[in-house]
Amino acid sequence: MIASAAEHLRLSDFDYDLPEPLIAQEPCPHRDGSRLMVLDRRSGALDHRVFSDLEYLLVPGDLLVLNDTKVYPCRLSAKKPGGGKAEIFLLSQRGTGLWDALVKGNGAGKRLTVSAGIEAEIVGAGANGVRTVRFHGTDDIRKMLPELGRIPLPPYIRRAPADADQERYQTVYASREGAVAAPTAGLHFTRELLQRLTATGIEFATITLHVGPGTFQPVRVDKIAGHRMLPERYSISEETAARINRARTEGRRVIAVGTTSVRTIETAADDDGVINPGGGSSELFIYPGYRFKATDGIITNFHLPKSTLLMLVSAFAGRENVLSAYRTAAERKYRFYSYGDAMVIL
C-alpha cells in the first residue's frame, strides 16, 4: 500500500511555521461563512472562496461521505483525596462501570471525587498514559455526563468551554454518540447548505468513525513509517456501501468530508475500491506513497504541523502542493485547526 520511497520520509518533512494568532479560538459566526481554499491536486493551483460556495464547486452526481459521529461530554472535573483539582478524560467504556481514560498526574489506587456520592477509582495503567477507571456511586456514568461532563475542546483552544460550544463543536448531522473530538471538516455545513446541495443533485452517504485520541496522537518517531495509529471504531451500513459502490461504478466522484471519512472508506475498501459494509477498528495510517482506493476528493480543515492528518492530506494532494498551500494560507491569514477555515481538494 505504501511506496518504498515513502519509507524514508521524516517527521521534519511535514513541519511548517504557523503564527499562533492564526490558531482559531472561536468558531466563525456562521458555520458556512468560513473561508474555503480550493486546491487542485494535480496542478497545485489554488482558489479562494467561502464555504457556502461549495455548491458551485461540486457537480450533480458527486457523492459526499459524512461522518455522523457525535461528541459526548467526556471531560469530568474531579477532586484528589487531598482536595486538589483533577480531570478525567473518558475515552471508551470497557465494561460495567469500567472506562479507559486519561487522568492527569494520578497513579493506580487513588479515588477521585467526581460529584456528591460519585467516585472514580484508578485501578490500572496502560500504554500512552491511558488509565483504567472504575466508577462508584452510579450504575452508569454515561447517563450522568449531560449533567457532569463538559465538551472536550482541543488543548490548543486556550479558553474554557462555553455554552455555545455544546452546539458549535458538533456537526449538524451528528447522530451516533461516541467521539471524543469532532470530525471538524463537517462543522462548516449548515442544514440549509445541505438542502441546497441536495437540490443541485449532490448525494450524501453517512459512515461512523468515533474519533479517539489516536487521530491526534503525536508522531514520536523520526521516520514516519514507524508510527502506529491507535484503533478507532467505525461502521458502514449496507446502504452507504451500496451508494459509494454505485457512484464509483457510474464514474461519479466520491468526496470524503474529513480525514475520518477518508480513513473509514479506505479501511473498508478492497483492492478494487469496493466498499464492504460492516464495522470494526481502523488503525490505517495514510501517508505519502499510499494508493487511494475509493476517495476522489477531500473536504478538510488546516491541520497541525507534523500531524498524521497533515500526512494524510499530503498523501492525497502531494506533500509539496499541500505545504505550499499552507504557506499561502498563513500569508493570507486563514484560520487554522478545529474552529478554523476549510480546504477542498479536487
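These lines cover the structure that appears in this document, whether it is placed above or below. (Residues numbered from 1 in each chain as written. Predicted model: local features only at pLDDT ≥ 70, side-chain atom pairs only at ≥ 80, totals over all residues. Heavy atoms only, no water.)

### Examining the pattern of salt bridges
- Applying the stated rule across the entire model yields 21 salt bridges.
- Here arginine 49 ties to aspartate 47 by a salt bridge, and the two come within 3.4 Å at their closest N and O atoms.
- Taking relative accessible area as the criterion, arginine 49 reaches 27% and is therefore assigned partly exposed.
- For aspartate 47, a relative accessible area of 33% puts it in the partly exposed group.
- Between arginine 75 and glutamate 87 there is a salt bridge whose closest N-O contact spans 3.0 Å. With arginine 75 in strand S5 (residues 75-79) and glutamate 87 in strand S6 (residues 85-95), this pair connects stretches of sequence that are 12 residues apart. Neither residue differs from the other here; arginine 75 and glutamate 87 are each classed as buried.
- One connected set of salt bridges, linked through shared partners, spans Glu26, Arg159 and Asp165. (Salt bridge = Lys/Arg side-chain N within 4 Å of Asp/Glu carboxyl O. Buried < 20%, exposed > 50% of the residue type's maximum accessible area, 1.4 Å probe, protein only. Helix = DSSP H or I, 4+ residues; strand = E, 2+ residues; numbered from the N terminus.)

### A word on unusual backbone geometry
- The phi angle at lysine 306 is positive, at roughly 65 degrees, despite the residue not being glycine.
- Within the secondary structure, lysine 306 is located in the loop between strand S17 (297-301) and helix H7 (308-317).
- Taking relative accessible area as the criterion, lysine 306 reaches 33% and is therefore assigned partly exposed.
- Within the chain, tyrosine 337 stands out as a residue other than glycine whose phi angle is a positive 75 degrees.
- One can find tyrosine 337 in the loop between helix H8 (319-331) and strand S18 (342-345).

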